[in-house]
Amino acid sequence: STGDYTPKEDVCWTTKMIRTITSEELSVEAFYQNYTTEPLIIKGLADSWEARRWTFASLRERCDETLMMTLQFKKQEWGNLGSDQWVDMDTFTRYMEGGYQEEEWQQRRYGFDYNIIDRCPSLSKDFKVPKYFSHCLLQKGERENAASELDNIRYFWPTMMAGPPSTRSEVHYDDDGLPFWMALLSGKKLFRVLTPEHNPSLIEPRDVDEGWPGLDGAPTSSIIPGAFHHPSNSYGFEIFRPEAYVERYPDICNLVTHEGILEAGDVLYIPNSSPHGAVNLEATIAITANYASPWDDVQMQYYADVCEAMPERDLCGKLSSEKPSLSSFREMDYFEYAGYTFEKWCQDRLYRTFHFLLLTTITQKSFSTHVRSCVHKNTVSMLVYIHVFAAFRRQ
């Protein structure tokens, strides 16, 4: 049941509905002038994408032997998610087609941060990077080494998420407090968001005895990562069941929470340094990406403060005061956005994957499945690699 997560009239905090707008009503200039400090739902922005036609059956056919990380509800973990288990896409998609129905919601497994570009790059042709997010500092200069950085998920956004009804992530903020966008391709999701703009007291350091609940149950001085007061980017406070915490933390009633339901075809924006939680009201498929825009002045000032205190953070080497022209913001496919062509990506991936697999006991079938999405662009190379690989395996 999703009853634990439906909005309750007796919640003591102030609730604001997340603003909704259409892309026709929202120019890039208006977005950066007026909307970067609050969550926003852009209705129907992804409706024309081929990815809106993804089904669990089609994902199984295209990506069957790749692996999906799945998580379960687990208190005292990041976002109340833990017990990670890796399953192949065939198993996961069949589970999503109904295998979860006899399980209690706490046991249901949430497919999390599937690395599309590394694991099933043909899917990248089916979606776009919305124009508002098409210039990202984190993508600069990464493509030359991307194919060798297979464990560094940051440079492979967007990722795919998929979960049964009632699976959720509890209140957390993203790495480095980064903002993000999410396109919901199927199903419905409920979001609750805390923003610094509407909760300024949460940014201020607090006496530890009067703080907010941390993952270990002890109070922490701030729920917003303005000064990174807590070593984790997640908190023990449950944004979907806050009533259990009011007696110990009465300041919860002073929160201003943005709430909204994301529907298939919608794109959600969450601003930087904004703790948030989400629950799947139906079985969902979504893609999501963090980003850092040089046009977001609040975000850039935030990172300048962070990097002054902690210059060793990876993020700090990517900040720039240069601002691309607003007229250059437009919807892009993934590889145009990343400054890396699909052909070059596949060439590098085939080469690196082939040489890696020569050192392992992986089968020829697994090898060919892993790179099949590059075949139509690299047929000759693929056949040569498989032929040499097969000969090597016969030795």
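The structure displayed is predicted, hence computed values, not measured ones.

Novice: Can you help me understand the packing of helix H2 (residues 56-63) against helix H3 (residues 89-99) in this one?
Specialist: Helix packing geometry: the angle between the two helix axes and the distance between the axes. Two numbers describe how H2 lies on H3: the axes approach to 9 Å, and their chain directions differ by 175°. Relative to H3, the element H2 is oriented roughly antiparallel. Contacts between H2 and H3 involve Phe56, Ala57, Leu59, Arg60 and Cys63 from the former and Met89, Asp90, Thr93, Arg94, Met96 and Glu97 from the latter.

Novice: How should I be thinking about the pattern of salt bridges in this particular structure?
Specialist: Think of it this way: side chains of opposite charge can pair up when their charged atoms draw near. For the structure shown, the criterion picks out 17 salt bridges. Across the salt bridge formed by Arg53 and Glu50, the nearest N and O atoms sit 3.0 Å from each other. Classification of Arg53 as exposed rests on a relative accessible area of 57%. The exposure class assigned to Glu50 is partly exposed, which follows from its relative accessible area of 40%. Glu238 is the partner of Arg168 in a salt bridge, and the nearest nitrogen-oxygen pair spans 3.4 Å. Here Arg168, found in strand S9 (residues 168-172), pairs with Glu238, found in the loop between strand S13 (219-220) and strand S14 (256-263); they are 70 residues apart in sequence, far enough to count as distant. Owing to a relative accessible area of 3%, Glu238 belongs among the buried residues under this scheme.

Novice: What's the story with the confidence of the model for the protein in this structure? I'm lost.
Specialist: If pLDDT is low for a region, its predicted coordinates should not be looked at in detail. Per-residue pLDDT for the protein averages 78, and the proportion of residues at 70 or more is 69%. Looking across the protein, the model is least confident in helix H5 (residues 143-146), with a mean pLDDT of 44, and most confident in strand S3 (residues 40-43), with 98. Here residues 141-154 scores under 50 on pLDDT; set against residues more than four positions off or in separate chains, the count is 32 contacts. Low confidence marks residues 391-395, where pLDDT is under 50. Its contacts with residues over four positions away, or in another chain, come to 4 contacts.

Novice: What should I look at first to understand H2 in this one?
Specialist: The α-helix winds at 3.6 residues per turn, so residues separated by three or four positions along the chain end up facing the same way. Looking at H2, one finds that the buried residues are Phe56, Leu59, Arg60 and Cys63. In an axial view of H2, the angular spread of the buried residues amounts to 100°, which keeps them on one side of the axis. Where H2 is buried, its residues contact H3, strand S6 (110-115), strand S8 (159-163) and strand S17 (284-290).

Novice: Would you mind going over the state of the cysteines with me for this structure?
Specialist: Covalently bonding the sulfur atom of one cysteine to the sulfur atom of another cysteine gives a disulfide. The tally for this structure, following the rule as stated, stands at 2 disulfides. Disulfide partner of Cys12: Cys253, at an S-S distance of 2.1 Å. Here the S-S torsion is close to -90°, and the disulfide linking Cys12 with Cys253 is therefore left-handed. One end of the pair, Cys12, is in the segment before strand S1 (14-17); the other, Cys253, is in the loop between S13 and S14, with 241 residues separating them in the sequence. Overall, the relative accessible area of 34% leaves Cys12 in the partly exposed class. Disulfide pairing places Cys63 opposite Cys120 at an S-S distance of 2.1 Å. The S-S bond linking Cys63 to Cys120 shows a torsion near -80°; that makes this disulfide left-handed. Residue Cys63 is located in helix H2, and its partner Cys120 is located in the loop between helix H4 (116-119) and strand S7 (128-129); the two are separated by 57 residues in the primary sequence.

Novice: What exactly am I supposed to notice about unusual backbone geometry here?
Specialist: With the exception of glycine, most residues fall at negative phi, and the peptide bonds are largely trans. Despite not being glycine, Asp113 shows a phi value in the positive range, around 50°. Turning to its location among the elements, Asp113 is positioned in strand S6. What makes Asp113 partly exposed here is its relative accessible area of 26%.

Novice: Would you mind showing me how to read the sheet that holds strand S16 (residues 276-280) here?
Specialist: Backbone hydrogen bonds hold the strands of a sheet together, and the pairing may be parallel or antiparallel. Reading across the sheet, the 5 strands line up as S1-S14-S11-S16-S9 and stay open at both edges, with mixed pairing between neighbours. In this open sheet, the two edge strands, each paired with only one partner strand, are S1 and S9. Pairs of neighbouring strands in the sheet enclose a mean axial angle of 20°, with direction left out of account. Relative to S16, S9 runs antiparallel, the two sharing 3 bridges. By the bridge assignment, Arg168 is partnered in S16 with Val279.

Definitions and cut-offs
Residues numbered from 1 in each chain as written. Predicted model: local features only at pLDDT ≥ 70, side-chain atom pairs only at ≥ 80, totals over all residues. Heavy atoms only, no water. Axes fitted to C-alpha atoms, helices over the stretch in contact; angles between N-to-C directions. Helix = DSSP H or I, 4+ residues; strand = E, 2+ residues; numbered from the N terminus. Parallel < 35°, antiparallel > 145°, perpendicular 65-115°, else oblique. Contact = heavy atoms within 4.5 Å. Salt bridge = Lys/Arg side-chain N within 4 Å of Asp/Glu carboxyl O. Buried < 20%, exposed > 50% of the residue type's maximum accessible area, 1.4 Å probe, protein only. pLDDT = per-residue confidence, 0-100. Arc of directions from axis to C-beta. Disulfide = S-S within 2.5 Å. Pairing = 2+ DSSP bridges.

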